[in-house]
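Next come the chains, spelled out residue by residue.
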Amino acid sequence: MDIIIVLMGLVIASTIMAIFIIYASRLKKVPPDKAMVVYGRGGFQLVTGGARFIWPVTQSYEFLALDVRTLEVDVQDIVTDVRRSGAKVTIKSVAQVKISSNEAILRTAAENLLHKSDIEISNIALKTLEGHARGVCATLTIEEINSDRDSIASKIQNMAGNDLKNMGIEIRSFVIRDIEDSHGY
C-alpha cells in the first residue's frame, strides 16, 4: 500500500511539474523596447511591457522592435526650382525614426510591418524621407535651401511624418548636415 501511495505522489508531482514547465515555456515576456503582437483566434492583440501567456496551437506571437533607428538620408542630383535656378544639389541629412509606441499607430505598424525585417523597415522610412526631401527642395532655389536649413528640415519632417505615420513609423528628428552642388557653391 505504501508503494502505491508513493507512486501516486510521484505521478501527481510529475504532472504538476509538467504543467508548470509547459506554462513557463508559453509565458512570453515583453521588454520595454519591443511590442509583442499576439495573433490567432480572435484577431490580434498588442502587448507592450509585462508578460502574456500564449495558448498552444491557437495563438502565436511576433515582436516589433520599438528602438530608434538612425538613417543617413543622402539625396543626390536634386534639381532645384527650374524657373529660378535649376541647379543640382545633394542634400546630406540624418533622421532618427522608430515604430511608434502610440497604441493606435502601433496597431497600424503591426498590420503593415510585422513580418518585415529591420532592414526592410529602415528602407521604407529611408525611401519616404528621400522622396520628400527631393520634393521639398525641388520647389526652392539653392540660396533658399542653403539659407534656411531648419525650416526645410521641418517641412521634410512634417510631410514625410504624415506618410510614415500611416505605416506605423514616427520621425524623432531630421537634421540637414550638408548641402553640396557640383561646383562647390
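First, a word on scope: everything that follows refers to the structure included in this document. (Residues numbered from 1 in each chain as written. Predicted model: local features only at pLDDT ≥ 70, side-chain atom pairs only at ≥ 80, totals over all residues. Heavy atoms only, no water.)

Some points on helix 2 (residues 103–113)
To keep it simple, the criterion reads: Only protein chains enter the calculation, and the probe is 1.4 Å; a residue is then buried if its accessible area is under 20% of its type maximum, exposed if over 50%, and partly exposed in between. Here a strand is any run of E in DSSP of at least two residues, a helix any run of H or I of at least four, and the numbering for each starts at the N terminus. The arc in question is the one traced by the directions running from the helix axis out to the C-beta atoms. Two N or O atoms form a polar contact when they lie within 3.5 Å of each other; inside protein one atom must be a possible hydrogen donor and the other a possible acceptor, and for residues adjacent in sequence the pair counts only when both atoms belong to side chains.
Buried within helix 2 we find Ile105, Leu106, Ala109, Ala110 and Leu113. Relative to the axis of helix 2, the buried residues are bounded by an arc of 150° and lie together on one face. Exposed and facing more than 90 degrees away from the buried side of helix 2 are Ala104 and Glu111. The residue sitting at the N-terminus of helix 2 and contributing the capping side-chain oxygen is asparagine 102; that oxygen lies 3.0 Å from the backbone nitrogen of alanine 104.

A short note on the pattern of salt bridges
Heads up, the condition is: Just to be clear on terms, a salt bridge is a Lys or Arg side-chain nitrogen sitting within 4 Å of an Asp or Glu carboxyl oxygen.
This structure, assessed with the given rule, holds 6 salt bridges. With a shortest N-O distance of 3.5 Å, arginine 69 and aspartate 118 are connected by a salt bridge. One end of the pair, arginine 69, is in strand 6 (residues 69–79); the other, aspartate 118, is in helix 3 (residues 118–137), with 49 residues separating them in the sequence. Owing to a relative accessible area of 9%, arginine 69 belongs among the buried residues under this scheme. Across the salt bridge formed by arginine 177 and aspartate 74, the nearest N and O atoms sit 4.0 Å from each other. In this pair, arginine 177 is assigned in strand 8 (residues 169–181) and aspartate 74 in strand 6, connecting sequence segments 103 residues apart. Overall, the relative accessible area of 41% leaves arginine 177 in the partly exposed class. A single network of salt bridges, built from pairs that share partners, joins Glu72, Asp74 and Arg177.

Observations concerning the sheet that holds strand 2 (residues 34–40)
Let me state the cut-off plainly: Only strands that DSSP links by at least two bridges are regarded as paired with each other. To obtain each axis, a line is fitted to C-alpha atoms, and for helices this fit is confined to the stretch in contact; angles are then taken between N-to-C directions over 0 to 180 degrees. Here, two residues are considered to be in contact whenever any of their heavy atoms come within 4.5 Å of each other.
Here 3 strands make up an open sheet; going across it, the order is 3-2-5 and the pairing antiparallel. The sheet is open, and its two borders are formed by strand 3 (43–47) and strand 5 (59–65), each paired with just one other strand. Direction aside, neighbouring strands of the sheet carry axes that sit 25° apart on average. Helix 2 rests against strand 2, strand 3 and strand 5 of the sheet, and its axis sits at about 125° to strand 3.

Some thoughts on the sheet that holds strand 8
Overall, antiparallel pairing links the 3 strands, which are arranged 6-7-8 in an open sheet. Edge positions in the sheet fall to strand 6 and strand 8, since each of these pairs with one other strand and no more. Geometrically, the sheet is characterised by an average inter-axis angle of 20° between neighbouring strands, direction not taken into account. With 9 bridges connecting them, strand 6 and strand 7 (residues 88–99) associate as antiparallel partners. By the bridge assignment, valine 73 is partnered in strand 7 with serine 93. Relative to strand 6, helix 3 is tilted by about 35°, and along the sheet it contacts strand 6, strand 7 and strand 8.

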